[in-house]
Amino acid sequence: MKRRLLLFVLAWLCLGSVWARAEQTAPRDVWPQATSAIDNGDVDSATRKANELTDLGKSYGIKNFPLYAESAASLASQAMKRGNRPAADWGNKIADQLDGNDPAVAFTKADAATEQKNWAKAIPAAVGGFANIVKKYRARLLSRSDMAIVIIAAIALTAIIFAIALFVRYGRAMAHDFRETLSGWTRGGAVTVLAFALLFLPLFVWLGPMWLLFYWFVIFFGYAGGVERVLIILLALVIAAAPIFLDLNAHWIAGVDGPIVLSAIAGQEQSYYPEALHRLEDVVKIVPNNATLHLLMGNLLLQEGNDQQAASHYNQSVQILDSAGAHVNIGNLYFLDNNWGAAINEYQRAEQLDPHLAIAFYNHSIVSGETYKFDEQAQRLDQAKKIDRNSIERIMSNPPPQKIVMYRPPISDAWDVSSGIAKSGAARALFGNYSSFDPILSARNPITLGGALAAVFAPLIFLKRRRHGFAGSCIKCGRTFCPRCKSGRESSTYCTQCIHIYLKRDGVSVATKRTKLEEVGQHQSGMLRRNRMIATILPGSAQLLEGRTLIGALGLFIFFFAVCLALLVGRLAPVLAPGELAKMIVRVLAILLAVVTWLVMTVPVYRRRAAL
C-alpha cells in the first residue's frame, strides 16, 4: 500500500511538473502588456514586463526576439519625435535587450539619430547595422543575393562594352575577309553591302541583341589577342550561367521567408518569431507525413512553453522516420521532468541511430552527472568532444539555462523540405509562396544557350579558319589587308605603303609620302578623339580599344558595379528597408568608387598624344 502511494505521489509530481510547464505564459502574450504599459506612460511596469519576457525566453531556450526588438526600436523613434524622452530611452534599451544584433534595430536607431542631427551617434549605429548583417541568416542571405544581382548586372554591361570594343577593333578586318569570301560569288557594290550585313547577321534574321553579342564573340575570336580570347570564353560562360544563378537567387529570396525555412532559422538562431508557429501548422496540415516538419513544430511549441504538444510532434516524427534528433528532444523533455531513466534511454537510442551526433553524447553526460554517475559522465563528454570539439567547448563555455541542448534541424534540411513541397504542388496551390529551383529547367533559356554555343563555336571556327589566315589592319593608317593583299613575309602590322615609308624608307615620292603622312595623322588623331570621348562616358573602354584588355575590363567592371550599386541599393531584397541613412552611406561610397575609377582610367587617356 505504501509502495502504491509512493508511486502515485511521484506520478502526481511528474504530471504536475508537465501541467505547470504547459500552463506557462507564451512570449506572444507578454510583449503586448509591455507595449500597453509604455503607451500609458508606466515605464516601470513596461520594464518589468520586458524583463519577464526575456526571463521567459531563457526558460524556453530563446535568446532573441527580433520582431519585438524592431517594434521597440520603432516605438523609441516615434516617441523621440513626440518629445517623449522616457519612452524613447525605454524603447532603445529594450530593443538592445531583446536582440542587440538585429540590423534593422541598428538602422532604425541610426535614422532616429539622423533626424536629431546627432551624427556622432547615427554613423556608428549605421556601421553597426552593417556589421550585424553577417550575424543574421536572413539578412546575410538577402544581402548576398543583392550583391550577386549587382555583380551580374556589372558583368553583363562589361561584356556588352567589350563586344563593342571588339567590333571597333576588328570590324573592318572582318568585313575585309567577308568581302574576299563573297567576291568569289558575286561582283560589284553588292559585295560591300553583304559584307556589312554579315557583321550584323543576328539582327537581320530577327534575333535579339544578346545574340549579336555572342555572334561578335564568335567571329572576332580569331582576330583577338590571347588575353581577349580568354576573356571572350570566360564572359560567354558567365553570361550563360547568369540566368541559372539568377533563378537560384530568386528561389533564395522567395524561400527565406517561407514558414519552413523561417522555423529552421528560429531554431538555429534561437529567435522567436510569433507568426512562425501558425504558418507551420498550416503546412503540417497539408504535408502531415514529413518527419522534419514535426521536429520543427515541436521546437516552435517548446518556445511557446507547450511541452505536451511538442512531445506529441516529436513522437510523430519518430513514427515517420526514426531519427536521432527526435530522440534527443524527447529525452530532453524527460530530463526537464526529472525522468532520468527515460531520458538516458532516449539519448542512447539517438547515439545508436547517429554516432556522430555530438549533442546526444553531451546531453547523456549531463543526465549522468545528475544521477551521480561521474565516470559515465566523463566518458560521454569525451566522446562528444571527439565528434565535435569546437561546438561542445562553445556550449560548455556558455551553457543553456536548461543545461541540455535541443536538436534543431539544419537550415539546409528546411530548404530541401520546402523545395520538395513546392515540387509536389499542393502547398503552392494553397499558399502561393513556395519556390523551387531546377537547374535543368532554368538552363532552358536563349541566353544560356547562346553563351554556351559561343564558348564552343568561337574556338572551333577559329581553328578551321586559321589555315586561310585572317585580315589585319595597319597600326599607322588603319588600312586593312589580308594574305592575298601582300606577302606573308612582310610585316603583319603595317600595310604595304607604311612598310616602304616607315620600315624600308626606300624611294617614295615626296607627294606620296606627304599624302600618306596626312592620312596617318588623321587616323591617329581620330582614334585619339574617339578614345577620349568614349573614356569620358565609360572609363576603361578606351583601354579596351587600345588593346589593354585586362586593365580596361577591370576598370569597366568596377565602374559599372559602383553605378549599379548606387542605383539599386534598397530596390532589391529589403535588407536595408528600415534604414535611409544606411542606403545613403552605400550610395555615397558607391559614387566615390565610381569617381575614383573614372579619374584613374580616364585622366591618362586625356594625356596621350597621337603617334605619327
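Look a little higher up for the structure.
Residues numbered from 1 in each chain as written. Predicted model: local features only at pLDDT ≥ 70, side-chain atom pairs only at ≥ 80, totals over all residues. Heavy atoms only, no water.

*Asks:* Can you walk me through the overall build of the protein chain in this structure?
*Replies:* Of the regular secondary structure elements, the protein chain holds 30 helices and 2 strands. Burial analysis of the protein chain (612 residues in total) assigns 47% to the buried set. Of all intrachain contacts in the protein chain linking residues separated by at least 6 positions in sequence, the fraction that spans at least 24 positions is 65%. With an accessible surface of roughly 30,700 Å², the protein chain has 61% of that area assigned to carbon and sulfur atoms. (Helix = DSSP H or I, 4+ residues; strand = E, 2+ residues; numbered from the N terminus. Buried < 20%, exposed > 50% of the residue type's maximum accessible area, 1.4 Å probe, protein only. Contact = heavy atoms within 4.5 Å. Areas by Shrake-Rupley, 256 points an atom, 1.4 Å probe, with all protein chains shown as cover.)

*Asks:* Can you walk me through a nonpolar patch on the surface in this structure?
*Replies:* Taken together, Trp-119, Ile-123, Val-127, Met-584, Val-588, Leu-589 and Leu-592 make up a surface patch of nonpolar side chains, about 650 Å² in accessible area. Among the elements of the structure, helix H7 (119–133) and helix H30 (580–607) are those that each provide at least two residues to the nonpolar patch. Mapped onto the elements, Ile-123 comes out in helix H7. With a relative accessible area of 37%, Ile-123 lands in the partly exposed category. (Patch = residues over 30% accessible without salt bridge, like charges linked within 9 Å, V, L, I, M, F, W, Y side chains within 5 Å. Salt bridge = Lys/Arg side-chain N within 4 Å of Asp/Glu carboxyl O.)

*Asks:* Would you take a moment to explain the packing of aromatic side chains for this structure?
*Replies:* Aromatic ring pairs: the centre-centre distance and the angle between the two ring planes describe each pair. A complete count under the given rule lists 21 aromatic pairs for this structure. Judged by centre distance (5.3 Å) and plane angle (70°), the ring pair of Phe-107 and Phe-130 falls under edge-to-face. With Phe-107 in helix H6 (residues 103–115) and Phe-130 in helix H7, the pair connects residues that are 23 residues apart, well separated along the chain. An aromatic cluster is built from Trp-31, Phe-65, Tyr-68, Trp-90 and Tyr-272, whose rings are joined through pairwise contacts. The residue whose ring lies beneath Arg-229 is Phe-221, and the NZ or CZ to ring-centre distance is 5.8 Å. The aromatic ring of Phe-462 is capped on one face by Arg-229, whose charged end is 4.3 Å from the ring centroid. (Phe/Tyr/Trp six-rings, centres within 6.5 Å; stacked < 30°, edge-to-face > 60°. Lys NZ or Arg CZ within 6 Å of the ring centre and 35° of its normal.)

*Asks:* Looking at this model, I keep getting lost on the environment of Trp-598. Mind explaining?
*Replies:* Tracing the sequence through the fold places Trp-598 in helix H30. The exposure class of Trp-598 is partly exposed, given its relative accessible area of 25%. Between the C-alpha atom of Trp-598 and that of Gly-540, which follows or precedes it by 58 residues, the distance is 8.1 Å.

*Asks:* I'm lost on the nonpolar core in this one. Help?
*Replies:* One broad trend across soluble globular proteins is that nonpolar side chains are buried collectively. Ile-260, Leu-280, Leu-293, Tyr-314 and Tyr-362 are the most contacted members of the largest nonpolar core, which has 57 residues in total. Ignoring anything within four residues of it in the chain, the contact list for Leu-293 reads Ile-260, Leu-280, Val-283, Val-284, Val-287, Val-417 and Ile-421. Counting 56 residues, the second largest nonpolar core, distinct from the first, contains Tyr-170, Ala-224, Phe-559 and Leu-565. (Core = buried A, V, L, I, M, F, W, Y, C linked by side-chain atoms within 4.5 Å.)

*Asks:* Please explain the packing of helix H2 (residues 27–39) against helix H4 (residues 66–82) as it appears in this structure.
*Replies:* In a packed pair of helices, the relevant descriptors are the angle between the two axes and the axis-to-axis distance. Running from N to C, H2 and H4 point in directions that differ by 5°, and their axes come no closer than 12 Å. Accordingly, the angle class assigned to the pair H2 and H4 is roughly parallel. Between H2 and H4, the contacting residues are Pro-27, Arg-28, Trp-31, Ile-38 and Asp-39 on the first element and Tyr-68, Ser-71, Ala-72 and Leu-75 on the second. Split by residue class, the contact of H2 with H4 holds 6 nonpolar, 1 polar and 2 charged. (Axes fitted to C-alpha atoms, helices over the stretch in contact; angles between N-to-C directions. Parallel < 35°, antiparallel > 145°, perpendicular 65-115°, else oblique. Nonpolar A, V, L, I, M, F, W, Y, C, P; charged D, E, K, R; others polar.)

*Asks:* When you look at the environment of Arg-349 in this model, what are you seeing that I'm missing?
*Replies:* Summarising the element assignment, Arg-349 is placed in helix H18 (residues 340–353). Judged by its relative accessible area of 30%, Arg-349 falls in the partly exposed class. As for Arg-349 and Ala-324, which are separated by 25 residues in sequence, their C-alpha atoms are 7.1 Å apart. Beyond its immediate stretch of four places on either side in the chain, Arg-349 contacts Asp-322 and His-327.

*Asks:* Is there a simple way to think about the side chain of His-313 in this case?
*Replies:* Its location among the elements puts His-313 in helix H16 (residues 307–320). When its relative accessible area of 12% is taken as the criterion, His-313 is described as buried. Once residues within four sequence positions are removed from consideration, His-313 is found in contact with His-294, Met-297, Gly-298 and Leu-301.

*Asks:* Would you explain helix H19 (residues 358–370) in this entry?
*Replies:* Helical geometry note: an α-helix holds 3.6 residues per turn, so side chains three or four residues apart project in the same direction. Compared with an ideal rise of 1.5 Å per residue, which puts 13 residues at 18 Å, H19 spans 19 Å between its outermost C-alpha atoms and is within 8% of the ideal. Burial within H19 is extensive, with 12 of its 13 residues counted as buried. For H19, the set of buried residues is Ala-358, Ile-359, Ala-360, Phe-361, Tyr-362, Asn-363, His-364, Ser-365, Ile-366, Val-367, Ser-368 and Gly-369. Along its buried surface, H19 packs onto helix H17 (324–336), H18, helix H20 (374–387) and helix H21 (389–397). Looking one or two residues past H19, Tyr-372 carries a phi angle of roughly 65°, positive in sign. (Expected span 1.5 Å × (residues − 1).)

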